[in-house]
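# Structural description and commentary
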Amino acid sequence: MTAAETVRVVFVDADGGQEIARSDMAVAALPESFEPDTTVQLGEETWLVRQADPPTAALATAFGELVLTLRRIEMVPARDVLYSLPTICDPLPAFDETLVNGGRVEIHEDDWRQVELVHDQLLDVVGAELREIRRVQLEHAHRGEDGAVYGFESIYVRTNPNIPLPHDVSYRRLLETLPAIDNRGVVGIRGCTGAVVGSFAITTGSLALYGTASDDRITTLCLLMRPAARPAPEVVAGLRAFMESFDLVLVDWCHSQTYDPAAVGDFFTS
């Protein structure tokens, strides 16, 4: 192999700035350019390319040398990976990337049905799910020195109640009960275009009510609040009246709490 067919490659540790190794490498073995997240293998270790000087194989060939600044990729044992939540809901709703995004309320996919309204006749089902969530919170939580939970080594995947609302919960009645509506739209998933199929989203002040509906029948109804914000008293009163109309309770799954209509205001102050 001639000198023109090889390039002297110098490997530098990004953390300490010291040279790790150097080698004469075949030009054909180099990528055309070093895009973000390009990796190289040195022995049994994988390194991430943070900077390439020069940035392309063509220039490296012309100069005869290439300096790669690398950062070692630390492999984390699976047992050390923690979940940020004690529970999530499965399955996720149907999603269509072609649906119009106008006026959508955007949620993370893990937030789907984390605070929702459920028929009070399903409290036995809710209680069974909450017992499993509390077990995760009790047995699998990791806490910092201040006692605050920073992760869970296990997560409980909820599948019940699969039909959380009775058949008569009315979307029109929800609109009539709320004292004021700032915006109406659909539900979006963060990082994705489009919207949840059959979804709706209503914002009133700091509170968003979202879910799915078929014609006038609401099939899921969830709550989302802006951080450190509380809805106005008249909004809470409207929500309470709606819950009373259809015998609903509010379930905060991640905090394993339920609130009947009389106590729903406590959810916003807890």
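Residues numbered from 1 in each chain as written. Predicted model: local features only at pLDDT ≥ 70, side-chain atom pairs only at ≥ 80, totals over all residues. Heavy atoms only, no water.

## Structural notes on the overall build of the protein chain
Test applied: Helix and strand assignments come from DSSP, with helices taken as H or I runs of at least 4 residues and strands as E runs of at least 2, each series counted from the N terminus. Each radius of gyration is computed over the set of C-alpha atoms, and the globule rule expresses the reference value as 2.2 Å times the number of residues to the power 0.38. Any two residues whose heavy atoms approach within 4.5 Å are treated as being in contact. Shrake-Rupley sampling with a 1.4 Å probe provides the accessible areas, and residues are treated as covered by the protein chains on show and by no other component. A positive count includes Lys and Arg, and a negative count includes Asp and Glu. His and the chain ends are not counted in either. The atom standing in for a charge is NZ when the residue is Lys, CZ when it is Arg, CG when it is Asp and CD when it is Glu.
Helix and strand counts for the protein chain stand at 5 helices and 20 strands. Against the 2.2 N^0.38 benchmark of 18 Å for 270 residues, the protein chain shows a C-alpha radius of gyration of 27 Å, more extended than a compact globule. In terms of principal-axis extent, the alpha carbons of the protein chain reach across some 85 × 45 × 30 Å. Within the protein chain, contacts between residues at least 6 apart in sequence are counted, and of these 60% link residues at least 24 apart. Summing over all exposed atoms, the protein chain offers an accessible surface of approximately 14900 Å²; the carbon and sulfur share of this is 50%. Distance from the positive charge centre (21 side chains) to the negative charge centre (41 side chains) of the protein chain: 5 Å.

## With respect to the environment of Ala-52
Using the following cut-off: For every residue, the accessible area (1.4 Å probe, protein chains only) is compared with the maximum for its type, and the residue is labelled buried under 20%, exposed over 50%, or partly exposed between those bounds.
As for its position among the elements, Ala-52 is in strand S4 (residues 45-53). Note on Ala-52: relative accessible area 16%, which makes it buried. Residues Ala-52 and Ser-33 lie 19 residues apart in sequence; the distance between their C-alpha atoms is 8.7 Å. Look past the residues within four positions of Ala-52 in its chain and what remains in contact with it is Phe-34, Leu-66, Val-67 and Leu-68.

## Observations concerning the pattern of salt bridges
Let me state the cut-off plainly: Between Lys or Arg on one side and Asp or Glu on the other, a salt bridge is scored when a side-chain nitrogen of the former is within 4 Å of a carboxyl oxygen of the latter.
What the rule picks out here adds up to 8 salt bridges. One salt bridge connects Glu-45 with Arg-72, and the closest N-O pair in it is separated by 3.2 Å. Of this pair, Glu-45 sits in strand S4 while Arg-72 is found in strand S5 (residues 65-72), placing the two residues 27 residues apart along the sequence. Among the ionic pairs, Arg-113 bridges to Glu-116, the shortest N-O distance being 2.9 Å. We note that Arg-113, like Glu-116, is buried.

## So, the nonpolar core
In globular proteins that are soluble, nonpolar side chains generally tend to be buried together. This is how it is decided: Nonpolar cores are built from buried Ala, Val, Leu, Ile, Met, Phe, Trp, Tyr and Cys residues. Side-chain atoms within 4.5 Å join them into one set.
Core analysis: the largest hydrophobic core is formed by 27 residues, its most contacted members being Leu-117, Leu-174, Ile-218, Leu-221, Leu-223, Phe-242 and Leu-250. Ranked by the residues each element gives to this core, the list is headed by helix H4 (residues 233-246), at 6 residues. The residues contacting Leu-174, other than those within four sequence positions of it, are Phe-200, Ile-202, Leu-209, Ile-218, Leu-221 and Phe-242. Val-40, Ala-52, Ala-57 and Leu-66 belong to the second-largest nonpolar core, a separate cluster that totals 14 residues.

## Concerning the pairing of strand S18 (residues 217-225)
Short version of the rule: At least two bridges found by DSSP between two strands are what make those strands a pair.
In the sheet, strand S17 (residues 207-214) pairs with S18 via 8 bridges, with the strands oriented antiparallel. Within S18, the position partnered with Ser-214 by the bridge is Arg-217. Between the end of S17 and the start of S18, which pair antiparallel, lie 2 residues, with Asp-215 showing a positive phi angle near 55 degrees.

## Quick look at the side chain of Thr-38
Along the chain, the position of Thr-38 falls in the loop between strand S2 (19-26) and strand S3 (39-42). Excluding residues that lie within four positions of it along the chain, Thr-38 makes contacts with Trp-47, Leu-48 and Val-49.

That is the geometry; function is a separate question.
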